[in-house]
Amino acid sequence: MFPAMAVLFLLCGAVLLTAPPARAANQLPQDWIRCQKTDPQLDRCLEGAVQDAIKKLAGGIPSLGIASIDPLQLSALEIGQGQGPISVNQKFSNIKVLGLSKAVLEKSRADLGHYTLSFDGAVTNDFEADYEMDGRILLLPVTGRGRCKLSFTNMKATLEPKGKEIQKNGKRYFDVTEFVLSIKSLDKMQVHFENLFNGDKALGDTMNTLMNENWRDLWGELRPAFEQTFGAVFHQITKRIFEKVPFDDVFLD
């Protein structure tokens, strides 16, 4: 972790903004799994329902104005220069994230009385983007602009949407006011940045090797921005679903 790192994330054109506006649709697709509020195995039911929903979100939900999450497309992500061994200004644009629909949900917890949900899961995915980079890695200067690919193996995270009850047209809704994404662990990250050092292949290959050998330091620089950015994206998705679908149509009596 690098406490002095400045993080800025931009989500223009992200998952919901790329989809057409939702109309008056107010129910989940018929083939989505629903759970009973009083089910003594509610957490287990919710785990299965959300796992099923993740796969179906690969194609988006046109009736709710939600675009596909696989690939997930974002406009930009910017990470300011830190104070540690990885001290680099990084700008990513035209971002495409592949593999989210293959995420595996490992545990779920529901406190419906307090409008709080929690999910533990794991995913292996790829992050592809245009990039601009300038700074130092392990005291060595680095600069470049081009296309890049970051591959993440077995990223484990906890996702926690929280909110409150609101009333609309005589029905109660789950107003998702907060979404916390905490990335707990990562088995491996591999990166490849094209056109480092203005296309000098020897220097570029050496720097890519150096970053892959020291990927934990690089990931420490990236992680806070990833948590904020993707937490905001998933907040948009859950908020869009629950603001359109009444709470009692998601969790049945």
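Let me sum up the structure you'll find in this document. The structure presented is a predicted model; accordingly, all values stated were derived computationally and were not measured.

Rules behind the numbers
- Residues numbered from 1 in each chain as written.
- Predicted model: local features only at pLDDT ≥ 70, side-chain atom pairs only at ≥ 80, totals over all residues.
- Heavy atoms only, no water.
- Pairing = 2+ DSSP bridges.
- Helix = DSSP H or I, 4+ residues; strand = E, 2+ residues; numbered from the N terminus.
- Buried < 20%, exposed > 50% of the residue type's maximum accessible area, 1.4 Å probe, protein only.
- Contact = heavy atoms within 4.5 Å.
- Disulfide = S-S within 2.5 Å.
- Salt bridge = Lys/Arg side-chain N within 4 Å of Asp/Glu carboxyl O.
- Expected span 1.5 Å × (residues − 1).
- Polar contact = N/O pair within 3.5 Å; in protein donor to acceptor, adjacent residues only side chain to side chain.

Examining the pairing of strand 5 (residues 104–111)
And step 1. Summarising the sheet, strand 5 and strand 6 (residues 116–137) pair through 7 bridges and their orientation is antiparallel. Pairing of arginine 109 across the sheet is with serine 118, part of strand 6.
And step 2. What sits between strand 5 and strand 6 in their antiparallel hairpin is a turn of 4 residues, with tyrosine 115 showing a positive phi close to 50°.

Some thoughts on the environment of serine 93
And step 1. Looking at the secondary structure, you find serine 93 in strand 4 (residues 86–98).
And step 2. The class of serine 93 is partly exposed, set by a relative accessible area of 28%.
And step 3. With 15 residues separating them in the primary sequence, serine 93 and glutamate 78 have C-alpha atoms 8.5 Å apart.
And step 4. For serine 93, the contacting residues outside a window of four places in its chain are Ser75, Ala76, Ala129, Asp130 and Arg147.

As for the state of the cysteines
And step 1. In total, this model carries 1 disulfide according to the counting rule given.
And step 2. In this model, cysteine 35 is linked to cysteine 45 through a disulfide, with the two sulfur atoms separated by 2.1 Å. Its S-S torsion of approximately -95° makes the covalent link between cysteine 35 and cysteine 45 left-handed. Taken as a pair, cysteine 35 in strand 2 (residues 35–36) and cysteine 45 in helix 1 (residues 42–56) lie far apart in primary sequence, 10 residues in all.

Focus: unusual backbone geometry
The phi torsion of most residues other than glycine is negative, and most of the peptide bonds are trans.
And step 1. Here the amide bond leading from aspartate 70 into proline 71 is cis, since omega sits at 5°, within 30 degrees of zero.
And step 2. Structurally, the position occupied by proline 71 is in the loop between helix 1 and strand 3 (72–79).
And step 3. Even without a glycine there, the phi angle at asparagine 169 is positive, about 50°.
And step 4. Topologically, asparagine 169 is positioned in the loop between strand 7 (140–168) and strand 8 (171–193).

Here's the deal with the pattern of salt bridges
And step 1. Overall, the coordinates contain 14 salt bridges when judged by the stated rule.
And step 2. Among the salt bridges present, the one from lysine 156 reaches glutamate 106, with a minimum N-O distance of 3.8 Å. Taken together, the residues span a long stretch of sequence, with lysine 156 in strand 7 and glutamate 106 in strand 5 at a distance of 50 residues.
And step 3. Relative accessible area serves as the criterion here: at 40%, glutamate 106 is assigned to the partly exposed category.
And step 4. Lysine 149 is the salt-bridge partner of aspartate 126, the closest N and O atoms lying 3.8 Å from each other. Taken together, the residues aspartate 126 in strand 6 and lysine 149 in strand 7 connect sequence positions 23 residues apart.
And step 5. By relative accessible area, which is 23% here, aspartate 126 ends up partly exposed.
And step 6. Overall, the relative accessible area of 38% leaves lysine 149 in the partly exposed class.
And step 7. Residues joined in a network through salt bridges with shared partners are Lys37, Glu165, Arg172, Asp248 and Asp253.

Looking at helix 1
And step 1. The terminal C-alpha atoms of helix 1, which comprises 15 residues, lie 21 Å apart, in line with the 21 Å expected from a rise of 1.5 Å per residue.
And step 2. Of all the positions in helix 1, only Leu42, Leu46, Ala49, Val50, Gln51, Ala53 and Ile54 are classed as buried.
And step 3. Where helix 1 is buried, its residues contact strand 2, strand 5, strand 6 and strand 9 (251–252).

Structural notes on the side chain of lysine 37
And step 1. Here lysine 37 lies in the loop between strand 2 and helix 1.
And step 2. Residue classification places lysine 37 among the buried residues on the basis of a relative accessible area of 19%.
And step 3. For lysine 37, the side chain forms a polar contact with the side chain of aspartate 248, separated by 2.8 Å.
And step 4. At 2.6 Å, the side chain of lysine 37 forms a polar contact with the backbone oxygen of phenylalanine 251.
And step 5. Not counting the four nearest positions on each side in its chain, lysine 37 is found in contact with Leu42, Leu112, Arg172, Phe247, Asp248, Phe251, Leu252 and Asp253.

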